[in-house]
Amino acid sequence: MTEEYSLGFDLGGTQVRAALVQNGAVLQRAAMLTDVAGGPDAVMQQFKTLADKVSRGLGQSSIKSVGIAAPGPLDTVSGVVDHIPTLPGWDGFALRDKLSALFDRPATVENDGVAAVYGEWKHGAGRGLEHLVYVTVSTGVGGGVVVDGRLMHGRRGMGGHVGHFRIAPDGPICSCGAVGCFEAFAAGTALGKRARAAAEVHPQEYLGRLSQTTRIESRHAVDGAREGDPQSLALIREEAELLGVGFTGLIHLYSPQKIIMGGGVAKAFDLMSDDIHAIIRRDAMAPFKAIEVVPAALGDNCGLVGAASLALSNS
Ligand SMILES: [Zn+2]
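Bear in mind that the values here come from a model prediction, so they are computed numbers and not experimental data.

The rules behind the values
Residues numbered from 1 in each chain as written. Predicted model: local features only at pLDDT ≥ 70, side-chain atom pairs only at ≥ 80, totals over all residues. Heavy atoms only, no water. Core = buried A, V, L, I, M, F, W, Y, C linked by side-chain atoms within 4.5 Å. Buried < 20%, exposed > 50% of the residue type's maximum accessible area, 1.4 Å probe, protein only. Helix = DSSP H or I, 4+ residues; strand = E, 2+ residues; numbered from the N terminus. Contact = heavy atoms within 4.5 Å. Donors = N, O, S within 2.8 Å, 3.2 Å for Na, K, Ca; no water. Tetrahedral: all angles 85-135°; square planar, octahedral: opposite > 155°, others 65-115°. Pairing = 2+ DSSP bridges. Axes fitted to C-alpha atoms, helices over the stretch in contact; angles between N-to-C directions. 1 Å grid on protein atoms, 1.4 Å probe; cavity = no way out; pocket = protein on both sides within 12 Å on 5 of 7 lines; lining within 4 Å. Points joined across faces, edges and corners; volume = space filled by probe spheres on them. Nonpolar A, V, L, I, M, F, W, Y, C, P; charged D, E, K, R; others polar.

1. Some words on the nonpolar core
Right, so step 1: Val135, Leu243, Phe247, Met261, Met272 and Ile276 are the most contacted members of the largest nonpolar core, which totals 43 residues.
Right, so step 2: Broken down by element, the residue count for this core peaks at eight residues, all from helix H8 (residues 230-254).
Right, so step 3: In this structure methionine 261 touches Val135, Val137, Leu243, Phe247, Ala266, Phe269, Met272, Ile276, Val293, Val294, Pro295 and Ala296, once residues within four positions along its chain are discounted.
Right, so step 4: Leu7, Val54, Ala70 and Val81 belong to the second largest nonpolar core, which has 29 residues in total.

Below is the structure:
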């Protein structure tokens, strides 16, 4: 246990967020829309503003370290941004050094999926485990891996891009440019697309009726399934089966004690759990069939908590 405070930041294409973290608990949190047009200099000022907000009343000296979770692939050895598709103008930006200079203390830069698995491992659903995989299923599919009681980083700190292995020879084009990635099939975006297609085919059913006034997204299929709509239930079952296929691959690769699922689609975890586990029991090799998938405990705080906690452990 520690009395020390740490600041965690999350750099997203839509939102920038900050949290004051102590012992893995978020004490204060603030967010604003990312100033995409302003580029990195404007966004660094946003982080300063957010930091002032969440640490108001604290002496500057009580904050030991700052950590940031950013979209990957990000070279966390050099701390320099390579390329973030949602944030133009950041290529070559020395994120770690700039952050460190801005706050005059050591800074840690981490891929968002790696920060999230650290948060869940130390303070969430993965506490006490030696081997775990965290998978976030939202706009994309991302995550991170803990093996042998250590965070897996890989070359240049870019390991654990769990959404980008191919699960079929043909399929939708992925955000990464390849075809048939786990992400391209199973992300919330893909579920939303299937839900819109279903609405078009059956205009008189739940999704079809809703589509007359609303753009159908993945969450509408979740709502429909909760209402007992057969088409929505079929979409959610299909989503669960795709997740089961991807998770089975990850279980074989990393031999985790558990898979932790987070992200927006995990809000429907209760609806999907049985079908996810049925696929794992069907497809996994014998010693892996009983591996459990559990929902994340920290929600959308896991990247912030992970980044702040990692920064503290590095300082
Ligand atoms: Zn991909």
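2. Remarks on the coordination of the zinc ion
Right, so step 1: Every protein donor of the zinc ion is accounted for by His164 (ND1), Cys174 (SG), Cys176 (SG) and Cys181 (SG), and the metal-donor separations fall at 2.1 to 2.4 Å.
Right, so step 2: Taken together, the four donor atoms coordinating the zinc ion span angles of 101 to 122° at the metal, a pattern that classifies the geometry as tetrahedral.
Right, so step 3: On the primary sequence, the residues serving as donors to the zinc ion are separated as H-x9-C-x1-C-x4-C. Residue histidine 164 is located in the loop between strand S8 (150-151) and helix H4 (182-186), and its partner cysteine 181 is located in the loop between S8 and H4; the two are separated by 17 residues in the primary sequence.

3. Focus: the sheet that holds strand S1 (residues 5-11)
Right, so step 1: Read from one edge of the open sheet, five strands run S3-S2-S1-S4-S5, paired in mixed fashion. Looking at strand neighbours, the two that pair on one side only are strand S3 (25-33) and strand S5 (107-111), the edges of this open sheet. Strand after strand, the sheet turns through a mean of 20° between neighbouring axes, direction not considered.
Right, so step 2: Relative to the sheet, helix H3 (residues 112-123) contacts strand S4 (63-70) and S5, its axis offset from that of S5 by approximately 105°.

4. Re the layout of surface pockets
Rolled over the atoms, a probe as big as a water molecule pinpoints where empty space is left.
Right, so step 1: In this structure, the second largest pocket occupies an estimated 190 Å³ of space.
Right, so step 2: Forming the boundary of the second largest pocket are Thr139, Pro172, Ile173, Cys174, Ser175, Glu183, Ala184, Ala187, Thr189, Ala190, Lys193 and Arg194.
Right, so step 3: Only H4 and helix H5 (188-201) provide two or more residues apiece to the lining of the second largest pocket.
Right, so step 4: The residue makeup of the lining of the second largest pocket, split by class, is six nonpolar, three polar and three charged.

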